[in-house]
Amino acid sequence: ESPEGKLVPIEKVKGRKKALKYMLEKCVQTIERPEEQVIVIAQADALEDAQQFARQIQEAVKPKGVDIHPVGPVIGSHCGPGTIALAYFCTARSDIKA
């Protein structure tokens, strides 16, 4: 249970490759009308990984586009270098938690 506007982990996955695979699988399962939306990847000193991840997303869900942006200093200092985050519109918030 999470109030709106709070960051809450929904799953713990060990290892970077497994974490990116998990995020991609969740996106494939839950994205709503990908052809109509631009997916956003935020990265902290992980541009090459983010670009690779963007290619995987393009292939898997065929969105309108994928934009890559650096995280800001506040989030970057909280998460640290190597962070990759994924943002998109999904079918329902409860679907992500499943």
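Conventions used here
- Residues numbered from 1 in each chain as written.
- Predicted model: local features only at pLDDT ≥ 70, side-chain atom pairs only at ≥ 80, totals over all residues.
- Heavy atoms only, no water.
- Buried < 20%, exposed > 50% of the residue type's maximum accessible area, 1.4 Å probe, protein only.
- Helix = DSSP H or I, 4+ residues; strand = E, 2+ residues; numbered from the N terminus.
- Pairing = 2+ DSSP bridges.
- Right-handed = clockwise from strand over helix to strand, strands pointing away.
- Axes fitted to C-alpha atoms, helices over the stretch in contact; angles between N-to-C directions.
- Contact = heavy atoms within 4.5 Å.
- Salt bridge = Lys/Arg side-chain N within 4 Å of Asp/Glu carboxyl O.
- Core = buried A, V, L, I, M, F, W, Y, C linked by side-chain atoms within 4.5 Å.
- Expected span 1.5 Å × (residues − 1).
- Arc of directions from axis to C-beta.

A.B. asks: Kindly report on the pairing of strand β3 (residues 84-87), identifying the contributing residues and their values.
C.D. replies: Burial of β3 is one-sided: the residues Ile84 and Leu86 facing one way are buried, the residues Ala85 and Ala87 facing the other way are not. Inspection of the sheet shows strand β1 (residues 38-43) paired to β3 by four bridges, in the antiparallel sense. Looking at the pairing, isoleucine 41 lines up with leucine 86 of β3.

A.B. asks: I'd like a description of the pairing of strand β2 (residues 65-70), backed by residues and values.
C.D. replies: Where β1 lies against β2, six bridges are found, and the strand directions are parallel. Within the sheet, the bridge partner assigned to glutamine 43 lies in β2 and is proline 70. With respect to chirality, the unit in which β1 leads through helix α2 (residues 47-61) into the neighbouring parallel β2 is right-handed.

A.B. asks: Tell me about the sheet that holds β2, residues and numbers included.
C.D. replies: Judged by pairing direction, the sheet is mixed, and its three strands sit side by side in the order β2-β1-β3 without closing on themselves. Each edge of the open sheet carries a strand with a single partner, namely β2 and β3. Between one strand axis and the next, the sheet turns through 20° on average, direction left out of account. In the packing of helix α1 (residues 16-30) onto the sheet, contacts are made with β1 and β3, and the angle to β3 comes to roughly 5°.

A.B. asks: Could you give me a rundown of the pattern of salt bridges, with the residues and numbers involved?
C.D. replies: One side chain can pair with another of opposite charge once the charged atoms of both are near each other. Under the criterion given, the structure shown has four salt bridges. Here glutamate 25 ties to lysine 21 by a salt bridge, and the two come within 4.0 Å at their closest N and O atoms. Residue glutamate 25 and its partner lysine 21 are both found in helix α1; the two are separated by four residues, about one turn of the helix. Note on lysine 21: relative accessible area 52%, which makes it exposed. Look at the salt bridges and you will find they share partners, linking Glu32, Arg33 and Glu36 into a network.

A.B. asks: So, the nonpolar core: which residues are in play, and what are the values?
C.D. replies: In this structure, Cys27, Ile39, Ile41, Phe53, Ile57 and Leu86 are the most contacted members of the largest nonpolar core, which totals 16 residues. Residue assignment for this core shows that the elements contributing at least two residues are α1, β1, α2 and β3. When residues of this core are assigned to their parent elements, the largest contribution, five residues, is made by α2. Apart from residues lying up to four places away in sequence, cysteine 27 is in contact with Ile39, Val61, Leu86 and Tyr88.

A.B. asks: Which residues make up α2, and what are the values?
C.D. replies: Its 15 residues place the ends of α2 21 Å apart at the C-alpha level, agreeing with the 21 Å of an ideal helix rising 1.5 Å per residue. Burial in α2 covers these residues: Ala50, Phe53, Ala54, Ile57 and Val61. One side of α2 carries all its buried residues, which in axial view fall inside an arc of 110°. Turned more than 90 degrees away from the buried face of α2 sit Glu48 and Glu59, all of them exposed. Those residues of α2 that are buried are in contact with α1, β1, β2 and β3.

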